[in-house]
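Structural features, examined
As a plain string of letters, each chain reads:
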Amino acid sequence: QKEVEQDPGPLSVPEGAIVSLNCTYSNSAFQYFMWYRQYSRKGPELLMYTYSSGNKEDGRFTAQVDKSSKYISLFIRDSQPSDSATYLCAMSGGIQGAQKLVFGQGTRLTINP
Amino acid sequence: DAGITQSPRHKVTETGTPVTLRCHQTENHRYMYWYRQDPGHGLRLIHYSYGVKDTDKGEVSDGYSVSRSKTEDFLLTLESATSSQTSVYFCAISERGSSGNTIYFGEGSWLTVV
């Protein structure tokens, strides 16, 4: 079993819809949780960064972490065609020193105009 | 943009040949990383560096070596390339922020081993 599980999709929704992307994990030592967005043939771009449990909002994006359930989510409100990309969750156990991230396999998202 | 440049961006090589990928950064970051990305696996850490001449193995280090003789350059070498090393390779750096170290990636190097 992988340390981080993420549904690879693909996920296709109409423009304006609310999108929910999720990851589950098995390592209780993870404390730092990230979401990256990756456009085709580009490097991953850091989208959201959260520590421990709770919510974090940035514009149309909300990241949620539930450590008791080992479950994290990314919500996209009022989705736009420009949000079409692969979304990767990532997590690590510490912030000091080298950050050895463990990634999910990514969810491919398409927003249809 | 975290000031990361990868070269070459695309390379086709033959099985058994050595290949070196270069990562160059301009902002004096201490930590540098090499990841590979494959369908169904996401990104996996190959090696990382925590300073000049200080490196350590990641999750999938077999068949790869690294070197860091200057702060700004982190080299990934495939001593004898195999078809299983066909992949996209991403260099990354850690940047210290108010909430801890966050990782930023370069644009990738596409390697095909035939």
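Before going into details, it helps to say that this report is about the structure given with it. Fair warning: this is a prediction, and the values are worked out from it, not measured in the lab.

Time to look at the environment of Ser-84 of chain B. All names here are of chain B. Within the secondary structure, Ser-84 sits in the loop between β8 (73-78) and β9 (87-97). Considered as a pair, Ser-84 and Gly-42 are 42 residues apart in the sequence and their alpha carbons are 15 Å apart. There is a polar contact of 2.9 Å between the side chain of Ser-84 and the side chain of Thr-82.

Moving on to the nonpolar core. Counting 23 residues, the largest nonpolar core has Trp-35, Ile-72, Leu-74, Tyr-87 and Met-91 of chain A as the members making the most contacts within it. Secondary structure elements with two or more residues in this core: β3 (19-25), β4 (32-38), β5 (45-51), β7 (61-66), β8 (71-76), β9 (85-92) and β11 (107-112) of chain A. Contacts of Leu-74 of chain A, omitting those with residues within four sequence positions, involve Val-19, Ser-20, Leu-21, Trp-35, Leu-47, Met-48, Phe-61, Thr-62, Ala-63 and Tyr-87 of chain A. Among the nonpolar cores identified, the runner-up in size contains 20 residues, and Leu-88 and Leu-101 of chain A together with Tyr-48 and Ile-103 of chain B belong to it.

A word on the interface of chain A and chain B. At the junction of the two partners, chain A supplies 21 residues and chain B supplies 24 residues. Interface area lost by chain A to chain B is led by Arg-41, Gln-99 and Phe-103 of chain A, which between them contribute 26%. Seen at the junction of chain A and chain B, the total is one salt bridge. Note that Lys-42 of chain A and Glu-107 of chain B form a salt bridge whose closest N and O atoms lie 3.8 Å from each other. Counting the contacts that link chain A with chain B gives four residue pairs in polar contact (both at pLDDT 80 or more). Within the residue set of the side of chain A that touches chain B, elements represented by two or more residues are β4 and β5 of chain A. Among the elements that make up the side of chain A that touches chain B, the one with the highest residue count is β4 of chain A (three residues). Grouping the constituent residues of the side of chain A that touches chain B by class yields ten nonpolar, seven polar and four charged.

Basis of the calculations
Residues numbered from 1 in each chain as written. Chains lettered and ligands numbered in written order. Predicted model: local features only at pLDDT ≥ 70, side-chain atom pairs only at ≥ 80, totals over all residues. Heavy atoms only, no water. Helix = DSSP H or I, 4+ residues; strand = E, 2+ residues; numbered from the N terminus. Polar contact = N/O pair within 3.5 Å; in protein donor to acceptor, adjacent residues only side chain to side chain. Core = buried A, V, L, I, M, F, W, Y, C linked by side-chain atoms within 4.5 Å. Buried < 20%, exposed > 50% of the residue type's maximum accessible area, 1.4 Å probe, protein only. Contact = heavy atoms within 4.5 Å. Buried area = accessible area lost by both parts, 1.4 Å probe. Salt bridge = Lys/Arg side-chain N within 4 Å of Asp/Glu carboxyl O. Nonpolar A, V, L, I, M, F, W, Y, C, P; charged D, E, K, R; others polar.

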